[in-house]
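Listed below, chain by chain, are the residues.
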Amino acid sequence: MNGQVSLFVALLLVLILSLSFHEWGHAYAAKRFGDRTAEMLGRLTINPIKHIDPMGLLMVIMVGFGYAKPVPTDPRNFNSKWAMLGIAAAGPFMNLLIAFVVLNLYALGWKMGWTFVQGTGAAIFVSIVAGLNLALMMFNLIPIGPLDGHYILPYFLSKNSARIYNEYNDRYGMYALLGLMLLGASGVPVFSRVMSMSRSLGEYLTIF
């Protein structure tokens, strides 16, 4: 029982920090694209208190997946037509970067013979950090509801297709996302599939 509680706490802490880095990525990218709205509201930080949404955190505890407060932006301040794409992609990219760094530090440690990476605890820690961050990346790239993917997909569609997609996503996207979460909560292996795909992706990130 104590082991399960410790694992749950570790997962929760890693997820909270990963969400914070994810949102910091959005805020940083927004500033780079000319919009300081998030910075002025104190969101250009990795402090979890600034990013964690109480309901989103409760969903993490109850369902196993949740969300943080969205980073506010003002498109009137953007200095590039690619701003929304860059800002949306920055969050998932931060999760990918965390997984990449952790996996490669672990691999380098084995190659260099560092004893502290050779225990079971280190392997579990790396698995949790890399797995959760890659899952966050993939989940947020789903182009439905308010997820990051719905800002990214229109850049790869024709103008007419993007307009139609945005109209339908504005109308039904949140329902689709809630349906996805309900499926996961009811036992359909939605999130376990995401985790499985994330682990497979992790195998291609190690360069050592």
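Residues numbered from 1 in each chain as written. Predicted model: local features only at pLDDT ≥ 70, side-chain atom pairs only at ≥ 80, totals over all residues. Heavy atoms only, no water.

Q: Can you tell me about the overall build of the protein chain, naming the residues and giving the values?
A: Along the backbone of the protein chain there are nine helices and zero strands. For the protein chain, the N- to C-terminal ordering of α and β elements is α-α-α-α-α-α-α-α-α. On C-alpha atoms alone, the protein chain measures out to a radius of gyration of 18 Å, which is about the 17 Å that the 2.2 N^0.38 rule sets for 208 residues. Considered along the principal axes of its C-alpha atoms, the protein chain spans approximately 55 × 40 × 35 Å. (Helix = DSSP H or I, 4+ residues; strand = E, 2+ residues; numbered from the N terminus. Rg over C-alpha atoms; globule rule 2.2 N^0.38 Å.)

Q: Talk me through the packing of helix α5 (residues 83-112) against helix α6 (residues 120-140); I want residue IDs and the actual numbers.
A: At their nearest, the axes of α5 and α6 sit 8 Å apart, and the two run at 155° to each other. By the angle between their directions, the pair α5 and α6 is classed as roughly antiparallel. The chirality of how α5 crosses α6 is left-handed. Listed contacts from α6 to Pro92, Asn95, Leu96, Ile98, Ala99, Val102, Leu103 and Tyr106 of α5 are Ala122, Ala123, Val126, Val129, Ala130, Asn133, Leu134, Leu136, Met137 and Asn140. Taken together, the residues of the contact of α5 with α6 break down into 15 nonpolar, three polar and no charged. (Axes fitted to C-alpha atoms, helices over the stretch in contact; angles between N-to-C directions. Parallel < 35°, antiparallel > 145°, perpendicular 65-115°, else oblique. Left-handed = near helix turned anticlockwise from the far one by under 90°. Contact = heavy atoms within 4.5 Å. Nonpolar A, V, L, I, M, F, W, Y, C, P; charged D, E, K, R; others polar.)

Q: Mind laying out helix α8 (residues 159-185), listing which residues take part and the relevant values?
A: Structurally, the α-helix is built with 3.6 residues per turn, so residues lying three or four positions apart point the same way. Between its first and last C-alpha, α8 extends 36 Å over 27 residues, near the 39 Å set by a 1.5 Å rise per residue. Within α8, the axis deviates most sharply at tyrosine 172, by approximately 55°. For α8, the full list of buried residues reads Ala162, Tyr165, Asn169, Gly173, Leu177, Leu180, Met181 and Gly184. Of the residues flanking the end of α8, it is glycine 187, one or two places downstream, whose phi is positive at about 110°. (Expected span 1.5 Å × (residues − 1). Bend = angle between axes of the 7 residues up to and from the residue. Buried < 20%, exposed > 50% of the residue type's maximum accessible area, 1.4 Å probe, protein only.)

Q: Talk me through the packing of aromatic side chains; I want residue IDs and the actual numbers.
A: Scanning all chains against the criterion turns up five aromatic pairs. Relative to tyrosine 172, the ring of tyrosine 168 lies with its centre 6.1 Å away and its plane at 35°, an arrangement referred to as tilted. Residue tyrosine 168 and its partner tyrosine 172 are located together in helix α8, separated by four residues, close to a single helical turn. Tyrosine 172 gets classed as partly exposed once you look at its relative accessible area, which sits at 44%. (Phe/Tyr/Trp six-rings, centres within 6.5 Å; stacked < 30°, edge-to-face > 60°.)

These results come straight from atomic positions and should not be treated as a statement about function.
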